[in-house]
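Coordinates in review
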Amino acid sequence: MAEDVVEPAADAREGAAATQRAVAALRTALLNGDLAPGQRLVEGELADNYGVSRASLRAALIDLTAEGLVERIPNRGARVRIVTVAEAVAITECRMVLEGLCAAKAAERATDEQRDVLTDLGDQLQRAVAAADPMKYSALNRELHRLVREFSQQTVAAELLDRLGAQIVRHQFRLALRPGRPQVSLPEHLAIVDAIVRRDPDAAEAAARAHLTSVIQALQAVEG
């Protein structure tokens, strides 16, 4: 009886799956602040780091260029895109609408268990401020916004917010570490949590918009 022929496995460094791995890895590095604005992105080095081919890495950079996270300089390769304060403000204005929508939907759709998660997160935010731990507060801040998007079940808005947020992560990080900023944003975050827990969509949307208005004012203060 003839033996079954086993086809060789496709090279994991090539193809669409490899490109998506590189996109995800680069996006995570950008969100974590591991890659600085203006930093040159060396294709060969990044391809080796992420275990993909240079062609797959190049395709990933093209995708991230379309998302506004990377810019390609003629004859010089790619670098992390530098986002000005004015651009960050414009992006935050767009986020205000989308975050408000997600907060309203979360107030309508979050389960009792999810509301408990938000309540606990609010308590953690308060403890981080009391302990004067801005790094912890910054991480909890990002988690709160992520959970509101998740609990909203508004996937289109959530995807758009992920893209917009990635472009201004450096500005957000700087704001979070500014002395006194956590004390300003804490009651704004707690108002969002409270409205969602009370199942009040209008109040949740208003609270989210008020918070993003405060962020815009803080960004403009940096430039001014």
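Please refer to the structure placed before this passage.
Bear in mind that the values here come from a model prediction, so they are computed numbers and not experimental data.

Section: the overall build of the chain
- Along the chain, the regular secondary structure elements total ten helices and three strands.
- When the elements of the chain are put in sequence order from the N terminus, they spell out α-β-α-α-β-β-α-α-α-α-α-α-α.
- When the backbone C-alpha atoms are referred to their principal axes, the chain occupies close to 65 × 55 × 30 Å.
- The buried share of the chain, taken over its 224 residues, is 42%.
- Approximately 11900 Å² of the chain is accessible, and the part contributed by carbon and sulfur atoms is 54%.
- The positive charge centre, built from 27 side chains, and the negative charge centre, built from 32, are 6 Å apart in the chain.

What about the environment of Val193?
- Residue placement: Val193 occurs in helix α9 (residues 181-197).
- Exposure remark for Val193: the relative accessible area of 7% places this residue in the buried category.
- With 71 residues separating them in the primary sequence, Val193 and Gly122 have C-alpha atoms 6.9 Å apart.
- Setting aside anything within four residues of it in sequence, one finds Val193 in contact with Leu118, Thr119 and Leu144.

Some remarks on the side chain of Glu99
- With respect to the helices, strands and loops of the structure, Glu99 is situated in helix α4 (residues 85-109).
- A polar side-chain atom of Glu99 sits 3.4 Å from a polar atom in the side chain of His145.
- Here Glu99 is in contact with His145, Arg149, Leu161, Ala208 and Leu212, once residues within four sequence places are set aside.

Concerning the pairing of strand β2 (residues 70-73)
- The pairing of β2 with strand β3 (residues 77-80) spans four bridges and is classified as antiparallel. Residue pairing across strands places Glu71 opposite Arg79, the latter belonging to β3.
- As consecutive antiparallel partners, β2 and β3 are separated by three residues, and within that stretch Asn75 has a phi angle of approximately 70°, a positive value.

What counts and what doesn't
- Residues numbered from 1 in each chain as written.
- Predicted model: local features only at pLDDT ≥ 70, side-chain atom pairs only at ≥ 80, totals over all residues.
- Heavy atoms only, no water.
- Helix = DSSP H or I, 4+ residues; strand = E, 2+ residues; numbered from the N terminus.
- Buried < 20%, exposed > 50% of the residue type's maximum accessible area, 1.4 Å probe, protein only.
- Areas by Shrake-Rupley, 256 points an atom, 1.4 Å probe, with all protein chains shown as cover.
- Lys, Arg positive; Asp, Glu negative; His and termini not counted.
- Charge placed at Lys NZ, Arg CZ, Asp CG, Glu CD.
- Contact = heavy atoms within 4.5 Å.
- Polar contact = N/O pair within 3.5 Å; in protein donor to acceptor, adjacent residues only side chain to side chain.
- Pairing = 2+ DSSP bridges.

That's the geometry; what it means functionally is another story.
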